[in-house]
Amino acid sequence: RTVYVNGDFLPEHEAKVSIFDRAFLMADGVYEVTSVLGGKLIDFDGHAKRLQRSLDELEMRSPVTPEELLQIHRDLVEKNGIVDGLVYLQITRGAPDDRDFVFPDPETTVPTIVLFTQNKPGLAESPAAKTGIKVISIEDARWGRRDIKTVQLLYPSMGKMMAKKAGADDAWMVEDGFVTEGTSNNAYFIKGNKIVTRALSNDILHGITRAAVLRFAREAQMEVEERNFTIEEAQGADEAFITSASTFVMPVVEIDGVALGDGTPGQRALRLREIYLDESRKAAI
Ligand code: PLP
(Lines give C-alpha, C1' and ligand atoms only; values in the text may rest on other atoms or scores of the structure.)
Protein backbone atom coordinates (compact mmCIF):
# COMPACT_ATOMS: atom_id res chain seq x y z
CA ARG A 1 0.00 0.00 0.00
CA THR A 2 1.17 3.52 -0.78
CA VAL A 3 0.48 5.98 2.02
CA TYR A 4 0.95 9.74 2.40
CA VAL A 5 2.99 11.30 5.20
CA ASN A 6 3.92 14.98 5.45
CA GLY A 7 4.29 15.66 1.74
CA ASP A 8 5.52 12.24 0.58
CA PHE A 9 3.87 9.22 -1.00
CA LEU A 10 5.68 6.18 0.43
CA PRO A 11 5.33 2.40 0.77
CA GLU A 12 3.56 1.90 4.13
CA HIS A 13 6.58 0.24 5.81
CA GLU A 14 8.71 3.31 5.08
CA ALA A 15 6.26 5.80 6.58
CA LYS A 16 7.39 7.14 9.96
CA VAL A 17 6.05 9.51 12.62
CA SER A 18 7.91 10.73 15.74
CA ILE A 19 7.27 9.08 19.14
CA PHE A 20 6.79 12.66 20.43
CA ASP A 21 3.85 13.21 18.12
CA ARG A 22 1.03 14.71 20.21
CA ALA A 23 -1.48 12.28 18.75
CA PHE A 24 0.61 9.33 19.92
CA LEU A 25 1.14 10.77 23.42
CA MET A 26 -2.14 12.67 23.97
CA ALA A 27 -4.63 11.80 21.23
CA ASP A 28 -4.10 15.40 20.09
CA GLY A 29 -5.28 14.93 16.54
CA VAL A 30 -8.34 14.93 14.32
CA TYR A 31 -9.40 12.66 11.50
CA GLU A 32 -11.84 12.06 8.67
CA VAL A 33 -12.92 8.96 6.78
CA THR A 34 -14.21 9.43 3.25
CA SER A 35 -15.67 6.57 1.28
CA VAL A 36 -14.77 5.74 -2.30
CA LEU A 37 -17.31 4.19 -4.66
CA GLY A 38 -16.47 3.47 -8.27
CA GLY A 39 -13.09 5.17 -7.76
CA LYS A 40 -14.71 8.46 -6.71
CA LEU A 41 -14.91 10.28 -3.39
CA ILE A 42 -18.27 10.47 -1.64
CA ASP A 43 -19.10 13.88 -0.11
CA PHE A 44 -15.49 15.09 -0.04
CA ASP A 45 -16.55 18.71 0.52
CA GLY A 46 -18.56 17.80 3.61
CA HIS A 47 -15.61 15.95 5.12
CA ALA A 48 -13.17 18.77 4.24
CA LYS A 49 -15.46 21.34 5.91
CA ARG A 50 -15.89 19.28 9.07
CA LEU A 51 -12.11 18.72 9.19
CA GLN A 52 -11.59 22.49 9.13
CA ARG A 53 -14.14 22.92 11.91
CA SER A 54 -12.40 20.27 14.07
CA LEU A 55 -9.05 22.00 13.48
CA ASP A 56 -10.49 25.43 14.31
CA GLU A 57 -12.06 24.19 17.55
CA LEU A 58 -8.65 22.84 18.66
CA GLU A 59 -6.64 25.87 17.43
CA MET A 60 -4.80 23.68 14.98
CA ARG A 61 -4.06 24.45 11.38
CA SER A 62 -3.98 22.30 8.30
CA PRO A 63 -0.59 21.84 6.66
CA VAL A 64 -2.32 21.64 3.25
CA THR A 65 -4.97 23.65 1.39
CA PRO A 66 -8.39 22.08 0.64
CA GLU A 67 -7.34 21.81 -3.04
CA GLU A 68 -4.14 19.97 -2.09
CA LEU A 69 -6.13 17.72 0.23
CA LEU A 70 -8.46 16.70 -2.59
CA GLN A 71 -5.50 16.01 -4.86
CA ILE A 72 -3.79 13.84 -2.22
CA HIS A 73 -7.03 11.85 -1.78
CA ARG A 74 -7.31 11.34 -5.54
CA ASP A 75 -3.63 10.42 -5.93
CA LEU A 76 -3.85 7.82 -3.16
CA VAL A 77 -7.02 6.29 -4.61
CA GLU A 78 -5.30 6.02 -7.97
CA LYS A 79 -1.93 4.77 -6.70
CA ASN A 80 -3.65 2.02 -4.71
CA GLY A 81 -6.18 1.13 -7.41
CA ILE A 82 -9.12 1.66 -5.06
CA VAL A 83 -12.51 1.13 -6.70
CA ASP A 84 -14.51 0.74 -3.49
CA GLY A 85 -12.96 1.58 -0.14
CA LEU A 86 -12.07 4.29 2.31
CA VAL A 87 -9.55 7.10 2.63
CA TYR A 88 -8.41 7.74 6.21
CA LEU A 89 -6.94 11.17 6.96
CA GLN A 90 -5.36 12.33 10.21
CA ILE A 91 -3.87 15.68 11.19
CA THR A 92 -2.13 16.05 14.53
CA ARG A 93 -0.63 18.99 16.40
CA GLY A 94 2.78 17.61 15.46
CA ALA A 95 5.83 16.47 17.37
CA PRO A 96 7.45 18.98 19.75
CA ASP A 97 10.95 18.30 21.18
CA ASP A 98 9.55 16.95 24.42
CA ARG A 99 6.35 15.85 26.13
CA ASP A 100 4.41 18.78 27.62
CA PHE A 101 0.71 19.40 28.29
CA VAL A 102 0.96 22.96 26.97
CA PHE A 103 0.37 23.28 23.24
CA PRO A 104 3.69 23.72 21.40
CA ASP A 105 4.43 26.94 19.51
CA PRO A 106 2.84 26.50 16.05
CA GLU A 107 5.78 28.44 14.56
CA THR A 108 8.23 25.70 15.49
CA THR A 109 6.02 22.59 15.66
CA VAL A 110 4.33 21.82 12.38
CA PRO A 111 1.25 19.57 12.18
CA THR A 112 1.64 15.96 11.08
CA ILE A 113 -0.58 14.79 8.23
CA VAL A 114 -1.10 11.14 7.34
CA LEU A 115 -3.44 9.53 4.82
CA PHE A 116 -3.94 5.92 3.84
CA THR A 117 -6.52 3.93 1.90
CA GLN A 118 -8.47 0.81 2.85
CA ASN A 119 -9.56 -1.43 0.02
CA LYS A 120 -13.17 -2.64 0.49
CA PRO A 121 -14.43 -4.30 -2.69
CA GLY A 122 -18.23 -4.22 -2.83
CA LEU A 123 -18.44 -1.74 0.07
CA ALA A 124 -21.95 -0.66 -0.94
CA GLU A 125 -23.19 -4.26 -1.28
CA SER A 126 -22.51 -5.12 2.35
CA PRO A 127 -24.32 -8.36 3.38
CA ALA A 128 -25.12 -6.67 6.72
CA ALA A 129 -27.52 -4.32 4.91
CA LYS A 130 -29.62 -7.36 3.94
CA THR A 131 -29.86 -8.81 7.44
CA GLY A 132 -29.61 -5.60 9.47
CA ILE A 133 -27.53 -5.21 12.61
CA LYS A 134 -28.16 -5.73 16.32
CA VAL A 135 -27.26 -3.06 18.84
CA ILE A 136 -27.01 -2.98 22.62
CA SER A 137 -27.17 0.14 24.78
CA ILE A 138 -24.25 1.25 26.90
CA GLU A 139 -23.46 4.29 29.01
CA ASP A 140 -21.94 7.21 27.08
CA ALA A 141 -18.68 7.71 28.97
CA ARG A 142 -16.93 9.93 26.42
CA TRP A 143 -15.68 13.49 26.90
CA GLY A 144 -17.95 16.51 26.32
CA ARG A 145 -16.79 17.65 22.86
CA ARG A 146 -18.03 14.83 20.65
CA ASP A 147 -18.67 17.36 17.87
CA ILE A 148 -14.89 17.46 17.31
CA LYS A 149 -13.71 14.41 15.38
CA THR A 150 -10.65 13.57 17.48
CA VAL A 151 -8.62 10.36 17.48
CA GLN A 152 -9.60 9.69 21.13
CA LEU A 153 -11.39 6.49 20.18
CA LEU A 154 -10.72 4.27 23.19
CA TYR A 155 -14.23 4.41 24.63
CA PRO A 156 -15.96 3.82 21.26
CA SER A 157 -13.54 0.94 20.78
CA MET A 158 -14.48 -0.48 24.21
CA GLY A 159 -18.14 -0.02 23.26
CA LYS A 160 -17.69 -2.12 20.13
CA MET A 161 -16.04 -4.81 22.27
CA MET A 162 -18.96 -4.75 24.74
CA ALA A 163 -21.31 -5.21 21.77
CA LYS A 164 -19.23 -8.05 20.37
CA LYS A 165 -19.12 -9.85 23.74
CA ALA A 166 -22.93 -9.49 23.98
CA GLY A 167 -23.35 -11.05 20.52
CA ALA A 168 -24.37 -7.72 18.95
CA ASP A 169 -22.84 -5.64 16.16
CA ASP A 170 -22.66 -2.22 17.73
CA ALA A 171 -23.64 -0.15 20.74
CA TRP A 172 -25.85 2.93 21.10
CA MET A 173 -24.61 5.19 23.83
CA VAL A 174 -26.99 6.66 26.41
CA GLU A 175 -26.53 9.79 28.49
CA ASP A 176 -29.04 11.05 31.08
CA GLY A 177 -31.52 8.50 29.75
CA PHE A 178 -31.29 9.55 26.11
CA VAL A 179 -29.47 8.00 23.16
CA THR A 180 -26.58 10.12 21.90
CA GLU A 181 -25.25 8.07 18.96
CA GLY A 182 -23.61 4.79 17.97
CA THR A 183 -19.92 4.10 18.66
CA SER A 184 -19.01 5.28 15.14
CA ASN A 185 -22.33 6.33 13.62
CA ASN A 186 -25.48 8.39 14.16
CA ALA A 187 -28.65 6.67 15.45
CA TYR A 188 -32.25 6.92 14.22
CA PHE A 189 -35.65 5.28 14.51
CA ILE A 190 -38.68 5.47 12.23
CA LYS A 191 -42.28 5.46 13.42
CA GLY A 192 -44.91 5.76 10.72
CA ASN A 193 -43.64 8.38 8.28
CA LYS A 194 -41.43 10.06 10.88
CA ILE A 195 -37.66 9.78 11.38
CA VAL A 196 -36.35 10.69 14.82
CA THR A 197 -32.68 11.41 15.58
CA ARG A 198 -30.90 13.45 18.22
CA ALA A 199 -30.44 17.13 17.41
CA LEU A 200 -26.95 18.50 16.68
CA SER A 201 -24.99 19.80 19.69
CA ASN A 202 -21.59 19.17 21.29
CA ASP A 203 -23.01 15.81 22.48
CA ILE A 204 -22.70 14.07 19.10
CA LEU A 205 -20.61 14.10 15.97
CA HIS A 206 -22.24 16.10 13.20
CA GLY A 207 -22.34 13.25 10.72
CA ILE A 208 -21.76 14.08 7.08
CA THR A 209 -23.94 11.11 6.11
CA ARG A 210 -26.56 12.30 8.63
CA ALA A 211 -26.86 15.69 6.91
CA ALA A 212 -27.29 14.09 3.49
CA VAL A 213 -29.74 11.41 4.63
CA LEU A 214 -31.99 13.89 6.48
CA ARG A 215 -32.04 16.07 3.35
CA PHE A 216 -33.02 13.10 1.17
CA ALA A 217 -35.64 12.00 3.70
CA ARG A 218 -37.28 15.45 3.65
CA GLU A 219 -37.16 15.47 -0.15
CA ALA A 220 -38.92 12.08 -0.09
CA GLN A 221 -41.71 13.70 1.99
CA MET A 222 -40.73 11.97 5.21
CA GLU A 223 -41.09 13.91 8.43
CA VAL A 224 -37.85 14.53 10.37
CA GLU A 225 -37.80 15.20 14.10
CA GLU A 226 -34.44 16.14 15.63
CA ARG A 227 -34.87 15.54 19.36
CA ASN A 228 -33.85 13.37 22.29
CA PHE A 229 -35.19 9.82 22.45
CA THR A 230 -34.84 6.84 24.77
CA ILE A 231 -33.92 3.23 24.08
CA GLU A 232 -37.50 2.25 25.02
CA GLU A 233 -38.98 4.61 22.45
CA ALA A 234 -36.68 3.22 19.75
CA GLN A 235 -37.57 -0.35 20.77
CA GLY A 236 -41.22 0.49 20.15
CA ALA A 237 -40.52 1.94 16.69
CA ASP A 238 -41.26 0.37 13.30
CA GLU A 239 -37.68 0.59 12.10
CA ALA A 240 -34.25 1.85 13.13
CA PHE A 241 -30.98 2.51 11.38
CA ILE A 242 -27.53 4.06 11.68
CA THR A 243 -25.55 6.23 9.28
CA SER A 244 -21.83 6.76 8.71
CA ALA A 245 -19.46 7.34 5.81
CA SER A 246 -18.42 3.68 5.79
CA THR A 247 -21.82 2.01 6.37
CA PHE A 248 -24.03 4.58 4.55
CA VAL A 249 -27.53 3.75 5.86
CA MET A 250 -27.53 0.48 7.81
CA PRO A 251 -30.79 -0.99 9.13
CA VAL A 252 -30.95 -1.91 12.83
CA VAL A 253 -33.19 -4.90 13.55
CA GLU A 254 -32.68 -5.43 17.27
CA ILE A 255 -32.08 -3.12 20.26
CA ASP A 256 -31.09 -4.71 23.60
CA GLY A 257 -32.60 -8.02 22.49
CA VAL A 258 -35.92 -6.51 21.38
CA ALA A 259 -36.69 -7.08 17.68
CA LEU A 260 -38.08 -4.17 15.68
CA GLY A 261 -41.08 -5.01 13.52
CA ASP A 262 -40.59 -8.52 12.17
CA GLY A 263 -36.85 -8.43 12.88
CA THR A 264 -35.82 -7.77 9.28
CA PRO A 265 -34.56 -4.47 7.75
CA GLY A 266 -37.35 -1.91 7.41
CA GLN A 267 -38.58 -0.80 4.00
CA ARG A 268 -38.05 2.91 4.68
CA ALA A 269 -34.48 2.42 5.90
CA LEU A 270 -33.68 0.31 2.85
CA ARG A 271 -35.22 2.93 0.59
CA LEU A 272 -33.15 5.68 2.24
CA ARG A 273 -30.04 3.56 1.74
CA GLU A 274 -30.86 3.23 -1.95
CA ILE A 275 -31.50 6.96 -2.38
CA TYR A 276 -28.36 7.86 -0.44
CA LEU A 277 -26.17 5.53 -2.52
CA ASP A 278 -27.70 6.64 -5.83
CA GLU A 279 -27.45 10.36 -5.10
CA SER A 280 -23.97 10.12 -3.54
CA ARG A 281 -22.59 8.20 -6.51
CA LYS A 282 -24.02 10.87 -8.84
CA ALA A 283 -22.40 13.68 -6.84
CA ALA A 284 -19.08 11.84 -6.20
CA ILE A 285 -15.89 13.56 -7.37
N1 PLP B 1 -20.79 9.52 15.21
C2 PLP B 1 -19.57 9.08 15.55
C3 PLP B 1 -19.19 8.99 16.99
C4 PLP B 1 -18.65 8.72 14.54
O5 PLP B 1 -17.43 8.29 14.87
C6 PLP B 1 -19.06 8.80 13.18
C7 PLP B 1 -18.16 8.44 12.09
O8 PLP B 1 -17.04 8.05 12.26
C9 PLP B 1 -20.36 9.24 12.89
C10 PLP B 1 -21.20 9.60 13.94
C11 PLP B 1 -20.86 9.34 11.47
O12 PLP B 1 -20.28 10.44 10.81
P13 PLP B 1 -20.12 10.43 9.22
O14 PLP B 1 -21.47 10.22 8.64
O15 PLP B 1 -19.58 11.78 8.94
O16 PLP B 1 -19.16 9.33 8.90
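Residues numbered from 1 in each chain as written. Predicted model: local features only at pLDDT ≥ 70, side-chain atom pairs only at ≥ 80, totals over all residues.

## Some points on the site of the ligand
What counts is decided by this rule: Any residue qualifies as near a molecule or strand once its backbone-derived C-beta atom lies within 6 Å of it. Numbered from the N terminus, helices here are DSSP runs of H or I no shorter than four residues, and strands are runs of E no shorter than two.
Looking at the ligand, there are 13 residues lining it, with Leu 205, Gly 207, Ile 208, Thr 209 and Ala 245 nearest. If you list the elements that add at least two residues to the shell around the ligand, you get α6 (208-219) and β13 (239-244). The element best represented in the shell around the ligand is α6, accounting for three residues.

## What to know about the domain arrangement of the protein
To be explicit about the condition: For the domain bounds, the source is a domain assignment made automatically or taken from a database. What counts as a contact here is a pair of residues whose C-beta atoms, placed from the backbone, lie within 7 Å. As a working rule, the residues Ala, Val, Leu, Ile, Met, Phe, Trp, Tyr, Cys and Pro are called nonpolar, Asp, Glu, Lys and Arg charged, and the rest polar, with Gly in that last group.
Entries for the protein in the domain assignment read domain 1 (2-122) and domain 2 (128-283). Here the C-alpha centroids of domain 1 and domain 2 sit 26 Å apart. Across the boundary between the two partners, domain 1 contributes 21 residues, which contact 13 residues of domain 2. Of all the elements in the fold, those that place two or more residues in the side of domain 1 that touches domain 2 are β3 (29-37), α2 (44-57) and β5 (85-92). Residue composition of the side of domain 1 that touches domain 2, grouped by class: nine nonpolar, eight polar and four charged.

## Comments concerning the sheet that holds strand β1 (residues 2-5)
Formally: Strands are treated as partners if at least two bridges between them are detected by DSSP.
Overall, antiparallel pairing links the six strands, which are arranged β2-β1-β6-β5-β3-β4 in an open sheet. The open sheet has two edge strands, β2 (8-11) and β4 (40-41), and neither has a second partner. As judged from the two bridges shared by β3 and β4, these two strands associate in the antiparallel manner. In the sheet register, Val 36 faces β4, and the bridge partner there is Leu 41.

## Some details on unusual backbone geometry
Note on backbone geometry: most residues besides glycine have negative phi, and most peptide bonds are trans. Keep this limit in mind: Three exposure classes are used. Buried residues have 20 or more other C-beta atoms within 10 Å of their own C-beta, exposed residues have 12 or fewer, and partly exposed residues fall in between, all C-beta atoms being placed from the backbone.
With a phi angle near 55°, Asp 43 is a residue other than glycine that sits in the positive phi range. Take Asp 43: it is sitting in the loop between β4 and α2. Within the chain, Asp 256 stands out as a residue other than glycine whose phi angle is a positive 50°. Relative to the assigned elements, Asp 256 resides in the loop between β14 (248-255) and β15 (258-259). A count of 17 C-beta atoms within 10 Å places Asp 256 in the partly exposed class.

## Things to note about α6
Our working rule: Helix span is expected to be 1.5 Å times the residue number reduced by one.
An ideal rise of 1.5 Å per residue puts 16 Å on 12 residues; α6 measures up with 17 Å between its terminal C-alpha atoms. Taken as a whole, α6 has its buried residues at Ile 208, Thr 209, Arg 210, Ala 212, Val 213, Leu 214 and Ala 217. Just past α6, the residue Gln 221 takes up positive phi, approximately 65°.

## Observations regarding α2
The cut-off we apply is this: The directions from the helix axis to the C-beta atoms are what the arc is built from.
With 14 residues, α2 should reach 20 Å at 1.5 Å per residue; the first-to-last C-alpha distance of 20 Å fits that figure. Burial in α2 covers these residues: Phe 44, His 47, Ala 48, Arg 50, Leu 51 and Ser 54. Taken down its axis, α2 places every buried residue within 165° of arc, on the same side. Its buried side turned inward, α2 meets β3, β4, α3 (66-79) and α6. Backbone geometry just after α2 places Glu 59 at a positive phi near 55°.

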